[in-house]
Amino acid sequence: MGGEDFIHWVKETFLEEEGVREQPSAGVIKCYQQKEAILWLIETETGKDLEALRKEKGDLRRMTMDLLYRHAGLRGPEIGALFGVDYSTVSQDRKRMRERVMLYPKLKILLKRLENKLSIVKI
């Protein structure tokens, strides 16, 4: 799509006010911003960018998929395309993540920390 400057230009040029229902394409821009904010947060917190997450299987990749689903509004096929996996893999990994968060307190703490920071980041 474009960088931050492009997104800012689109918002100023085409979007009148926050939450206008007659602009369904505004949701696409919002999802893009949220996706970028989540990926940026994961990278700053863990030092792993999207490319590293694509290569490794594990809790961090699962957590990123879950955050993208719940906080960015992306669906399974979109997340799957981002990580190079099938949408059913996204669903299974999100399920495994929920189970592992219940078993491992450190994962739960990391997830809560990321969610708290996402609520502070302006997206």
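Structural notes, computed from the coordinates. This is a predicted model, so every value here is computed, not measured.

So, the overall build of the protein chain
Within the protein chain one finds seven helices and zero strands. Going from the N terminus to the C terminus, the protein chain shows its helices and strands as α-α-α-α-α-α-α. Within the protein chain, the proportion of its 123 residues that are buried is 37%. Sequence-distant contacts in the protein chain: of pairs separated by 6 or more residues, those separated by 24 or more amount to 59%. Accessible surface for the protein chain amounts to roughly 8000 Å². Of this, 53% is attributable to carbon and sulfur atoms.

Observations regarding the side chain of Arg94
By the element assignment, Arg94 lies in helix α6 (residues 87–103). Accessibility expressed as a relative area gives 12% for Arg94, which makes it buried. With near-sequence residues (within four places) excluded, Arg94 lies in contact with Met65, Asp66, Tyr69 and Arg70.

Here we look at the packing of α6 against helix α7 (residues 105–120)
Contact geometry for α6 and α7: axes closest at 5 Å, N-to-C directions at 115°. The pairing of α6 with α7 is recorded here as roughly perpendicular in orientation. The two elements α6 and α7 cross, and the hand of that crossing is left-handed. Touching Met97, Arg100, Val101 and Leu103 of α6 are Pro105, Leu107, Lys108 and Leu111, all from α7. A breakdown of the residues in the contact of α6 with α7 according to their chemical character gives six nonpolar, no polar and two charged.

Comments concerning the nonpolar core
Core analysis: the biggest nonpolar cluster contains 24 residues, and Met63, Leu67, Leu68 and Phe83 have the highest contact counts within it. Taken together, the elements giving at least two residues each to this core come down to α2 (25–46), α3 (50–55), α4 (59–71), α5 (76–83), α6 and α7. Setting aside its immediate chain neighbours within four residues, Leu67 contacts Ile38, Ile42, Ala72, Leu111, Leu114, Glu115 and Leu118.

A few points about the packing of aromatic side chains
Under the criterion given, the structure shown has zero aromatic pairs. Geometry around Tyr69 places Arg75 over its ring, the cationic atom sitting 4.9 Å from the centre. Looking at Arg94, its charged tip hangs above the ring of Tyr69, at a distance of 3.7 Å from the centre.

Scoring rules and cut-offs
- Along every chain, residues carry numbers that run from 1 in the direction the sequence is written.
- Reporting in this predicted model follows two pLDDT cut-offs: at least 70 for local features of residues, and 80 or more for side-chain atom pairs to be given and counted; totals over whole chains, interfaces and linings ignore these cut-offs and use all residues.
- For the side-chain quantities, the full set of heavy atoms in the structure was used; hydrogens and water were omitted.
- Under the DSSP-based scheme used, a helix requires at least four consecutive residues in state H or I and a strand at least two consecutive residues in state E, with every element numbered from the N terminus.
- Three labels apply to residues, based on accessible area from a 1.4 Å probe with only protein chains included: buried if under 20% of the type maximum, exposed if over 50%, partly exposed otherwise in between.
- Residue contacts follow a heavy-atom distance rule, with two residues in contact if any of their heavy atoms lie within 4.5 Å.
- Values of accessible area rely on a 1.4 Å probe in the Shrake-Rupley scheme; residue burial ignores everything except the protein chains shown.
- The convention used is that axes are lines fitted to C-alpha atoms, helices contributing only their stretch in contact, and that angles between N-to-C directions extend from 0 to 180 degrees.
- Comment on the angle field: the value is read as roughly parallel under 35 degrees, roughly antiparallel over 145, roughly perpendicular from 65 to 115, and oblique elsewhere.
- Here is the rule for handedness: rotate from the far helix to the near one, and if that takes an anticlockwise turn smaller than a right angle the crossing is left-handed, while a clockwise turn gives right-handed.
- Each residue gets one label: Ala, Val, Leu, Ile, Met, Phe, Trp, Tyr, Cys and Pro are nonpolar, Asp, Glu, Lys and Arg are charged, and the others, such as Gly, are polar.
- Nonpolar cores were defined as sets of buried Ala, Val, Leu, Ile, Met, Phe, Trp, Tyr and Cys residues, with membership established by side-chain atoms within 4.5 Å.
- In this scheme Phe, Tyr and Trp rings, the latter by its six-membered ring, pair at centre separations within 6.5 Å, and the angle between planes marks the pair as stacked below 30 degrees, edge-to-face above 60, and tilted otherwise.
- Here, over-ring charges are defined by two tests on the NZ atom of lysine or the CZ atom of arginine: distance to the ring centre within 6 Å, and angle to the ring normal within 35 degrees.

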